[in-house]
Amino acid sequence: MSDETTRLEIRPAVSQDYEVLRDLFTHLIPNDLAMTDDRGRAALNGMLSHPGLTTLIGFHDGVAAATCTLIVIPNFTRGGAPYAVIENVVTRKDYRGKGLGEQILRHAQDLAWASGCYKVMLLTGADNHGAQRFYEKVGFKQSKTGYQIRAPGYPKRAMKE
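Structure report, in brief. Because the structure is predicted, anything quoted here is derived from the model rather than measured. (Residues numbered from 1 in each chain as written. Predicted model: local features only at pLDDT ≥ 70, side-chain atom pairs only at ≥ 80, totals over all residues. Heavy atoms only, no water.)

## Some words on the overall build of the protein
Stated formally: Numbering of helices and strands runs from the N terminus, with a helix taken as a DSSP run of H or I at least four residues long and a strand as a DSSP run of E at least two residues long. When we talk radius of gyration, it's over C-alpha atoms, and the globule rule is simply 2.2 Å times the number of residues to the 0.38. Here a residue-residue contact requires only that any non-hydrogen atoms of the pair lie within 4.5 Å.
Within the protein, the secondary structure is distributed over 4 helices and 5 strands. Walking the protein from its N terminus toward its C terminus, one meets helices and strands in the order β-α-α-β-β-β-α-β-α. Here the C-alpha radius of gyration of the protein, 16 Å, is about what a compact globule of 161 residues would show, namely 15 Å. Taken along the three principal axes of its C-alpha coordinates, the protein extends 45 × 40 × 35 Å. Of all intrachain contacts in the protein linking residues separated by at least 6 positions in sequence, the fraction that spans at least 24 positions is 64%.

Written out as structure tokens, the structure reads:
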């Protein structure tokens with residue numbers, strides 16, 4: 001699906017990527033809760049120093065076009081094999097449909113397999129049919145039922161599809 005014109009250069013995020021990530025995440029949740037720069041930088045530094053957590057950024061022609069976060073979690077079952085969770089998957093709106101999201105997800109999966117993970121999980125909204133189709137196309141299967149509970153003050157994201 002991807003050709004040389006849509007090839008991503010993927011690398012782990014560093015603290016200097018704060019502005020790049022802040023911009024990318026507006027393509028995920030345009031009306032997200034407000035966050036000060038100090039809090040955002042503290043959150044990014046906490047993520048970068050968290051064991052097992054990697055935020056990947058994919059660049060196309062020097063533009064940060066896609067990102068996702070991979071968390072490898074130690075495990076006491078499955079012979080001690082860890083598992084992974086992928087979160088905050090986003091591709092810039094003007095770069096969607098070019099295979100970039102697929103590339104960054106496959107890179108995250110490769111990192112999980114290299115870490116000895118026995119599975120990779122992710123969640124998406126029950127009403128986010130576009131994302132569901134995308135994840136199935138990339139090889140994820142809807143084989144579990146997910147549950148969540150939100151803290152007071154964190155509203156559900158409104159989908160505009």
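There is more to say after this.
## Considerations on helix 3 (residues 100–114)
Selection criterion: Multiply 1.5 Å by the residue count of a helix minus one, and that product is the helix's expected span. Relative accessibility decides the category of a residue: with a 1.4 Å probe and only protein chains considered, values under 20% of the type maximum give buried, values over 50% give exposed, and everything between is partly exposed.
For helix 3, built from 15 residues, the straight-helix expectation of 21 Å at 1.5 Å per residue is met to within 8% by its first-to-last C-alpha distance of 21 Å. Regarding helix 3, the residues found buried are Leu100, Gly101, Glu102, Gln103, Ile104, Leu105, Ala108, Gln109 and Ala112. Along its buried surface, helix 3 packs onto strand 1 (9–12), strand 2 (53–60), strand 3 (63–73), strand 4 (83–91), strand 5 (120–122) and helix 4 (129–137). Phi turns positive, to about 85°, at Gly116, one or two residues after helix 3.

## A word on the side chain of Thr69
Take Thr69: it is sitting in strand 3. What makes Thr69 buried here is its relative accessible area of 3%. With residues up to four places along the chain from it excluded, the contact list for Thr69 reads Met47, Leu53, Thr54, Thr55, Val85, Ile86, Glu87 and Asn88.

## Points about the packing of helix 3 against helix 4
Heads up, the condition is: Orientation is described by lines fitted to C-alpha atoms, with helices fitted over the stretch in contact, and by angles between N-to-C directions that extend from 0 to 180 degrees. An angle below 35 degrees is treated as roughly parallel, one above 145 as roughly antiparallel, one from 65 to 115 as roughly perpendicular, and anything else as oblique. Left-handed is the label given to a crossing in which the near helix is rotated counterclockwise from the far helix by less than a right angle, and right-handed is the label when the rotation is clockwise. Residue classes follow a fixed rule: Ala, Val, Leu, Ile, Met, Phe, Trp, Tyr, Cys and Pro count as nonpolar, while Asp, Glu, Lys and Arg count as charged, and any other residue, Gly among them, counts as polar.
Between helix 3 and helix 4, the least distance of the axes is 10 Å, while the angle of their chain directions is 55°. The angle between helix 3 and helix 4 places the two elements in the oblique class. For helix 3 against helix 4, the interelement crossing comes out right-handed. Every residue of helix 4 that contacts helix 3 at Gly101, Glu102, Leu105 and Arg106 is listed here: Phe134, Tyr135 and Lys137. Considering only residue class, the contact of helix 3 with helix 4 consists of 3 nonpolar, 1 polar and 3 charged.

## Points about the packing of aromatic side chains
The way to describe two aromatic rings as a pair is by their centre distance and the angle between their planes. This is how it is decided: Planes of paired rings set the category: under 30 degrees apart is stacked, over 60 is edge-to-face and the rest tilted, where pairs are Phe, Tyr or Trp rings (Trp by its six-membered ring) whose centres lie within 6.5 Å. The criterion is that NZ of a Lys, or CZ of an Arg, lies within 6 Å of the ring centre and within 35 degrees of the ring normal, and then a charge sits over that ring.
The full count for this structure, using the stated rule, is 2 aromatic pairs. Plain terms: the ring middles of Phe134 and Tyr135 are 5.3 Å apart, the flat faces sit at 55° to each other, and that makes the pair tilted. Ring geometry for Tyr135 against Phe140: centres 6.2 Å apart, planes inclined by 75°, an arrangement best described as edge-to-face. What makes Tyr135 buried here is its relative accessible area of 10%. Feature note: the residues Phe134, Tyr135 and Phe140 constitute an aromatic cluster, connected by ring pairs. Above the ring of Tyr95, the side-chain terminus of Lys98 is found at 5.9 Å from the ring centroid.

## With respect to the pairing of strand 4
The following threshold applies: Two strands pair under a simple rule: DSSP has to find at least two bridges between them. Whether a crossover is right-handed depends on one test, that the path from the first strand over the helix to the second runs clockwise when the strands point away from the viewer.
Where strand 3 lies against strand 4, 7 bridges are found, and the strand directions are antiparallel. Pairing of Ala66 across the sheet is with Thr91, part of strand 4. Bridge count between strand 4 and strand 5: 3 bridges; the pairing is parallel. By the bridge assignment, Ile86 is partnered in strand 5 with Leu122. Note that the unit made of strand 4, helix 3 and strand 5 has a crossover that is right-handed.

Function cannot be read off these values alone, since they describe shape.
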